Structure formats: structure tokens, C-alpha cells
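# Structure at a glance
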Amino acid sequence: MATPRQLLEGIRSSMQLQYFLLLAAALFCIGIYGLITSRNAVRVLMSIELLLNAVNLNLMAFSNFLDSTLIKGQVFTVFVITVAAAEAAVGLAIVLAIYRNRETVDMEQFNLLKW
């Protein structure tokens, strides 16, 4: 019978770091593409969330890869998730306020800072 530590090492060796990095890179590229090409403000916010989730995945993968007993990456990931939630709430509030005034969420028509 294998000990839990041996089982964990077996799972760790089967899930290599490269798979997590490829998934995070794909999420990051999708987020950048959505950020650059989107004209809808809600879609831009969703793209920013994808970028932050790719960063979180990298933090978790490297934290587990370098030292699985310490939880430095996981703690930092919790802080990033907290900041992302606050960013989403504030961003959505701003988008709703602009929609009430302009009745559009098109990024090309946001000229509130122009004279």
C-alpha cells in the first residue's frame, strides 16, 4: 500500500509544469486578443479577468512545482483574486453608469473625458 506522500508524488510527476504553463499561455493569449479586438466594455472586463486567471494559474503551478509544502503562491493568488473581484465590481459599476447616460457600451463612443 502506497503512502499518501507517494501518491502525491505520483500525481505531481504525471501533471508536469509544462501543461499548466501551456494552459496559462493560451488563457493569456485569448485575454489579450479579446482586450485588443473588443469594442464592448463588458467583453473588455471579461478579457481582463482571463488575463488575471492566467497569472493565477502560473502562480499556483510554480508554487507547487518549486516547493509544494510552502503556500506562498497560493496566498498571493488569493490576493490577486481579491483585487480582481474588486476590479470587476468597480468596472461593472462604471459600465452601468455610462450605459445609463449614453445608452451604449461601445468603447468607441466613450468620450466623457473630452472637452
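All figures in this text were calculated on a predicted structure; none of them were measured in a lab. (Residues numbered from 1 in each chain as written. Predicted model: local features only at pLDDT ≥ 70, side-chain atom pairs only at ≥ 80, totals over all residues. Heavy atoms only, no water.)

Looking at the chain as a whole, its pLDDT mean stands at 84, while 85% of the residues score no less than 70. The spread of mean pLDDT over the elements of the chain runs between helix α1 (residues 4-14), the lowest at 63, and helix α2 (residues 17-37), the highest at 94. (pLDDT = per-residue confidence, 0-100. Helix = DSSP H or I, 4+ residues; strand = E, 2+ residues; numbered from the N terminus.)

Turning next to the environment of A54. Examined against the element boundaries, A54 turns out to sit in helix α3 (residues 41-66). A54 gets classed as buried once you look at its relative accessible area, which sits at 1%. Separated by 27 residues in sequence, A54 and L27 place their C-alpha atoms 5.6 Å apart. When residues no more than four places from it in sequence are discounted, the contact partners of A54 are A24, L27 and F28. (Buried < 20%, exposed > 50% of the residue type's maximum accessible area, 1.4 Å probe, protein only. Contact = heavy atoms within 4.5 Å.)

For the pair α3 and helix α4 (residues 72-102), interaxial distance at closest approach is 9 Å and the crossing angle is 175°. Of the possible angle classes, the one that applies to α3 and α4 is roughly antiparallel. In terms of residue class, the contact of α3 with α4 is made up of 14 nonpolar, six polar and three charged. (Axes fitted to C-alpha atoms, helices over the stretch in contact; angles between N-to-C directions. Parallel < 35°, antiparallel > 145°, perpendicular 65-115°, else oblique. Nonpolar A, V, L, I, M, F, W, Y, C, P; charged D, E, K, R; others polar.)

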